[in-house]
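Read off the chains here:
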Amino acid sequence: MTAPQELRTSRLLLRSFEREDISAIVRLAGAREVAATTVNIPHPYTEDHARSFLAHGQDDFRAGRSAIFVIAIAQHSELCGAVGLAIVPAHQRAELGYWIGCPFWGRGFATEAATAVMAFGFDTLQLHKIHASHFAGNTASKRVLEKIGMRHEGLSREHIHKWDRFVDLENYGLLMTEFRARK
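**Structural notes on the pattern of salt bridges**
One pass over the structure, following the stated rule, counts ten salt bridges. A salt bridge links Arg 8 to Glu 6, with the shortest nitrogen-to-oxygen separation between them at 3.7 Å. Residue classification places Arg 8 among the exposed positions, given a relative accessible area of 61%. Note that Asp 48 is salt-bridged to Arg 51, the shortest N-O span being 3.8 Å. One end of the pair is Asp 48 and the other is Arg 51, both in helix α3 (residues 47-62) and three residues apart, which spans about a single turn. Under the relative-accessibility criterion, Asp 48 is labelled exposed at 55%. Of the residues examined, Arg 51 reaches a relative accessible area of 36% and is grouped as partly exposed. Through salt bridges with shared partners, one network takes in Glu 47, Asp 48 and Arg 51.

Shown next as structure tokens:
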């Protein structure tokens, strides 16, 4: 188990990963376009990567360090991505992360899933802050973070080394009080 419960939105089911998801994860996360926009997804992405991701996700969930959900289209249960929180209990904060497979880009799934996970983080986990970042120039992720109410908090220059180059990160955050005020 990688998530404590299922979350539902109008179009999506967010649930724990299962071994049966591995082939879809490899196919979707394995796209170079997806890997190019994420810190931790390598390219090529293999079944071994997916199995390791699943095992670490289960360990981190049991230790209270993460809650990771499959994003599935509710109508036909098709996996289209993943979303989760990397939790730092001592500081009552978490980092939001997500990816969406290329065939599903531009449909608002990332925004819908991130909104549900943010509500889970603040309402259920009682987090004080949720933060996220995106590679500079990734306007799709920038729009997602803005739509879910996060505020830009600054730039971390050449913060990530990805594919033999250093990449700037744009940093965003939202406090529980700001989340509650938006409701």
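From this point, the discussion proceeds with the structure in view.
**Quick notes on the sheet that holds strand β7 (residues 151-162)**
Spatially, eight strands are ordered β1-β2-β3-β4-β5-β6-β8-β7 in an open sheet, and the strand pairing comes out mixed. Both edges of this open sheet fall to β1 (7-8) and β7, since each of them pairs with a single strand only. Looking at chain direction, β7 and strand β8 (residues 165-175) are connected through eight bridges and run antiparallel. Residue pairing for β8: His 152 is matched across the bridge by Tyr 172. Across the sheet, helix α1 (residues 22-29) touches β4 (78-88) and β5 (93-100), and the angle it forms with β4 is around 90 degrees.

**Details of helix α5 (residues 139-147)**
Considered for burial, the residues of α5 that qualify are Ser 141, Val 144 and Leu 145. One side of α5 carries all its buried residues, which in axial view fall inside an arc of 95 degrees. Its buried side turned inward, α5 meets β5, α4 (109-124), β6 (129-135) and β8. At the C-terminal side of α5, Gly 149 shows a positive phi close to 95 degrees.

**Things to note about the environment of Leu 96**
By secondary structure assignment, the location of Leu 96 is in strand β5. For the pair formed by Leu 96 and Leu 85, sequence separation is eleven residues and the distance between their alpha carbons is 4.7 Å. Once residues within four sequence positions are removed from consideration, Leu 96 is found in contact with Val 83, Gly 84, Leu 85, Ala 114, Val 117, Met 118, Ile 130, His 131, Ala 132, Leu 145, Ile 148 and Met 150.

**Some thoughts on the packing of α1 against α3**
Contact geometry of α1 with α3 gives a least axis separation of 9 Å together with a crossing angle of 115 degrees. By the angle between their directions, the pair α1 and α3 is classed as roughly perpendicular. As for the relative orientation of α1 and α3, their crossing is right-handed in sense. Mapping the contact onto sequence places Ile 22, Ile 25 and Val 26 in α1 and Glu 47, Ala 50, Arg 51 and Leu 54 in α3. Among the residues forming the contact of α1 with α3, the class breakdown is five nonpolar, no polar and two charged.

**Details of the environment of Ile 68**
Along the chain, Ile 68 falls in strand β3 (residues 66-73). Exposure remark for Ile 68: the relative accessible area of 15% places this residue in the buried category. For Ile 68 and Leu 85, which are 17 residues apart along the polypeptide, the C-alpha to C-alpha distance reads 6.3 Å. Non-local contacts of Ile 68, meaning those with residues more than four positions away in its chain, are made with Thr 2, Ala 3, Arg 15, Ser 16, Phe 17, Phe 53, Gly 57, Val 83 and Gly 84.

Conventions used here
Residues numbered from 1 in each chain as written. Predicted model: local features only at pLDDT ≥ 70, side-chain atom pairs only at ≥ 80, totals over all residues. Heavy atoms only, no water. Salt bridge = Lys/Arg side-chain N within 4 Å of Asp/Glu carboxyl O. Buried < 20%, exposed > 50% of the residue type's maximum accessible area, 1.4 Å probe, protein only. Helix = DSSP H or I, 4+ residues; strand = E, 2+ residues; numbered from the N terminus. Pairing = 2+ DSSP bridges. Contact = heavy atoms within 4.5 Å. Axes fitted to C-alpha atoms, helices over the stretch in contact; angles between N-to-C directions. Arc of directions from axis to C-beta. Parallel < 35°, antiparallel > 145°, perpendicular 65-115°, else oblique. Left-handed = near helix turned anticlockwise from the far one by under 90°. Nonpolar A, V, L, I, M, F, W, Y, C, P; charged D, E, K, R; others polar.

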